[in-house]
Amino acid sequence: MIYMDNAATTRMSERAFEAMRPFFMEQYANEAGTYSFANASKEAVENARRQVAAVIGAKPAEIYFTSGGTESDNWALKGIAQANAAKGRHIIISAIEHHAVLHSADALKRQGWEVTVLPVDEYGMVDPASVEAAIRPDTVLVSIMAANNEIGTIQPLEKIGEACKRHGVLFHTDAVQAYAHIPLHVEAMHIDLLSASGHKFHGPKGVGFLYVRRGVKLPPFMDGGAQERKRRAGTTNVAGIVGMGAAAEETSANLARTMEKVSAVRDHLIARIEKEIPYCRLNGHRTERLPGNVNFCFRFVEGEGMLMLLDANGICASSGSACTSGSLDPSHVLLAIGLPHEIAHGSLRLSISEATTMEEADKVVDALLQIIPRLRAMSPLYEDFIRQHPNHA
């Protein structure tokens, strides 16, 4: 098997798994317990808080553990809206946000909030000037993702953060794809809230966090107990938090070396595909791009058929976000960068990790060299194109 869907989830690291193990069978106490048996759990959770905070230059007290990126995004948007309703009822997002942000914004719209959805350019980049131009006296939050989960484009967070700071507007970023994959610093980038999820950087599934800058008012998302300093009710997922902390520390310690290695494989994939497969389009920014992201559209090809044939060759890939894998609609991200429906339907996302080898990359391209012509041979659109352009055959 060749696994190239790391944007959907990553293999848990051995270090993270071993760090979690004692909290299932030995140190299994509820960390809210008042007895000494619970102390190991308490200490482990606070150590993990320090570990995940250090990656982004945050203070441990600014980290609140959640069930993952979706909860963190929902909490950030809906909580800030609730806390600042007296100031204004306007928020700003981009057209290529993850559905956790898009649908949270839709929920706020149904409650009477006004949402400005900013366009992106052909590479999926948000213009910081358009963010600043959209800010109004009643704007309370700007939410722009750090890097796109489908096309890999990295946003100019520092410039966007500066614009928000000038106008006294809170800035949230969905960093689920970026955290521990590229350098992020909440102070330098003027970020007030940041979402992340453990399973995207070799930690466990079902655990994430929300960074909340000290002084930002954010009401609890769920009612219940007094966990997470009375801001996030629910029994603490000790093992998951410990695993995420270990993964964050391990991944960030090797970040520069990993980025260089992964980028080299990414660039090799892109170069071979562009050179050897005609009528393809690289989606996303060519340089401001996540190290592990490769996203192409192949004309005259249906993405679903391509994925099935790749799977038959032992290759795991996707056409976009795993959260919308059951949808027959083309990606909202690809439509937002200006692609027509018929081209957007032929998308392929290959997301790699430090474990991906050049040999595996070559095997994937070799498989595509067989799959793409086979699918195009079945396409009446391709047949018409060749008939009209015989020199391109």
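Preceding this paragraph is the structure being described.
Residues numbered from 1 in each chain as written. Predicted model: local features only at pLDDT ≥ 70, side-chain atom pairs only at ≥ 80, totals over all residues. Heavy atoms only, no water.

## Thoughts on the pattern of salt bridges
Okay, so step 1: Scanning the entire structure with this criterion turns up 17 salt bridges.
Okay, so step 2: Between Arg349 and Asp5 there is a salt bridge, and its shortest N-O distance comes to 3.2 Å. Of this pair, Arg349 sits in strand E12 (residues 347-351) while Asp5 is found in the loop between strand E1 (2-3) and helix H1 (14-20), placing the two residues 344 residues apart along the sequence. An identical accessibility class is assigned to Arg349 and Asp5; each is buried.
Okay, so step 3: With a shortest N-O distance of 3.1 Å, Asp192 and Arg213 are connected by a salt bridge. (Salt bridge = Lys/Arg side-chain N within 4 Å of Asp/Glu carboxyl O. Helix = DSSP H or I, 4+ residues; strand = E, 2+ residues; numbered from the N terminus. Buried < 20%, exposed > 50% of the residue type's maximum accessible area, 1.4 Å probe, protein only.)

## Topic: helix H14 (residues 358-377)
Okay, so step 1: For H14, spanning 20 residues, the distance from its first C-alpha to its last is 29 Å, which sits close to the expected 28 Å at 1.5 Å a residue.
Okay, so step 2: All of the buried residues in H14 are Ala361, Val364, Val365, Ala367, Leu368, Ile371, Ile372, Leu375 and Arg376. (Expected span 1.5 Å × (residues − 1).)

## Thoughts on the pairing of strand E2 (residues 63-66)
The two faces of a sheet get side chains in turn, since along a regular strand they alternate between them.
Okay, so step 1: On E2, burial covers both faces: Ile63 and Phe65 on one face and Tyr64 and Thr66 on the other are all buried.
Okay, so step 2: Bridge count between E2 and strand E8 (residues 208-212): four bridges; the pairing is antiparallel. Bridge pairing links Tyr64 to Leu210 in E8. (Pairing = 2+ DSSP bridges.)

## A few points about the environment of Ser263
Okay, so step 1: Within the fold, Ser263 resides in helix H10 (residues 255-276).
Okay, so step 2: Ser263 gets classed as buried once you look at its relative accessible area, which sits at 16%.
Okay, so step 3: Note: C-alpha distance between Ser263 and Glu354 (91 residues apart in sequence) is 9.3 Å.
Okay, so step 4: At 2.7 Å, the side chain of Ser263 forms a polar contact with the backbone oxygen of Met259. (Polar contact = N/O pair within 3.5 Å; in protein donor to acceptor, adjacent residues only side chain to side chain.)

## Some details on the pairing of strand E7 (residues 193-197)
Okay, so step 1: Counting buried residues in E7 gives five out of five residues, a clear majority hidden from the surface.
Okay, so step 2: Both faces of E7 are covered, namely the face carrying Leu193, Ser195 and Ser197 and the face carrying Leu194 and Ala196.
Okay, so step 3: Bridge count between strand E6 (residues 170-174) and E7: three bridges; the pairing is parallel. Paired with Asp174 across the bridge in E7 is Ser195.
Okay, so step 4: Relative to E8, E7 runs antiparallel, the two sharing five bridges. Looking at E8, one finds that Leu194 is bridged to Tyr211.

## Let's talk about the nonpolar core
Okay, so step 1: Core analysis: the biggest nonpolar cluster contains 63 residues, and Ile56, Val142, Tyr179, Leu194 and Phe209 have the highest contact counts within it.
Okay, so step 2: Top contributing element to this core by residue count: helix H9 (residues 238-253), with seven residues.
Okay, so step 3: By size, the runner-up hydrophobic cluster in this structure holds 29 residues, among which are Ile2, Val262, Leu269 and Ala361. (Core = buried A, V, L, I, M, F, W, Y, C linked by side-chain atoms within 4.5 Å.)

## Focus: the packing of helix H11 (residues 303-312) against H14
Okay, so step 1: Two numbers describe how H11 lies on H14: the axes approach to 10 Å, and their chain directions differ by 140 degrees. Our classification of the angle between H11 and H14 gives oblique. Remark: the crossing between H11 and H14 carries right-handed chirality. Residues Gly305, Met306, Leu309 and Leu310 of H11 lie in contact with H14, whose contacting residues are Ala367, Leu368, Ile371, Ile372, Arg374 and Leu375.
Okay, so step 2: Class assignment for the residues of the contact of H11 with H14 results in eight nonpolar, one polar and one charged. (Axes fitted to C-alpha atoms, helices over the stretch in contact; angles between N-to-C directions. Parallel < 35°, antiparallel > 145°, perpendicular 65-115°, else oblique. Left-handed = near helix turned anticlockwise from the far one by under 90°. Contact = heavy atoms within 4.5 Å. Nonpolar A, V, L, I, M, F, W, Y, C, P; charged D, E, K, R; others polar.)

## Section: the sheet that holds strand E9 (residues 280-282)
Okay, so step 1: Strand order in the open sheet formed by three strands is E9-E10-E12, and the pairing between neighbours is antiparallel. Both outer strands of the open sheet, E9 and E12, are each paired with one neighbouring strand and no more. Adjacent strand axes in the sheet meet at a mean angle of 25 degrees when their direction is disregarded.
Okay, so step 2: In this sheet, strand E10 (residues 293-298) lies alongside E9 in antiparallel orientation, the contact comprising three bridges.

## Considering the side chain of Arg49
Okay, so step 1: Considering the arrangement of structural elements, one finds Arg49 in helix H3 (residues 39-55).
Okay, so step 2: Separated by 3.0 Å, the side chains of Arg49 and Glu46 make a polar contact.
Okay, so step 3: Those residues within four positions of Arg49 in sequence are excluded, and the remaining contacts are Pro60, Ile63, Tyr64, Phe65, Glu228 and Arg229.

## Some thoughts on the side chain of Arg232
Okay, so step 1: Its place among the elements puts Arg232 in the loop between helix H8 (227-230) and H9.
Okay, so step 2: A residue is classified by how much of its surface remains accessible, and Arg232, at 14% relative accessible area, is buried.
Okay, so step 3: Within the structure, Arg232 has its side chain in polar contact with the side chain of Glu71 (distance 2.7 Å).
Okay, so step 4: Here Arg232 is in contact with Phe65, Thr66, Ser67, Glu71, Trp75, Met222 and Gln227, once residues within four sequence places are set aside.

## Topic: a nonpolar patch on the surface
Okay, so step 1: Together, Tyr28, Tyr35 and Phe37 make up an exposed nonpolar region whose accessible area comes to about 350 Å².
Okay, so step 2: Of note, Tyr28 is situated in the loop between helix H2 (22-25) and H3.
Okay, so step 3: Taking relative accessible area as the criterion, Tyr28 reaches 55% and is therefore assigned exposed. (Patch = residues over 30% accessible without salt bridge, like charges linked within 9 Å, V, L, I, M, F, W, Y side chains within 5 Å. Areas by Shrake-Rupley, 256 points an atom, 1.4 Å probe, with all protein chains shown as cover.)

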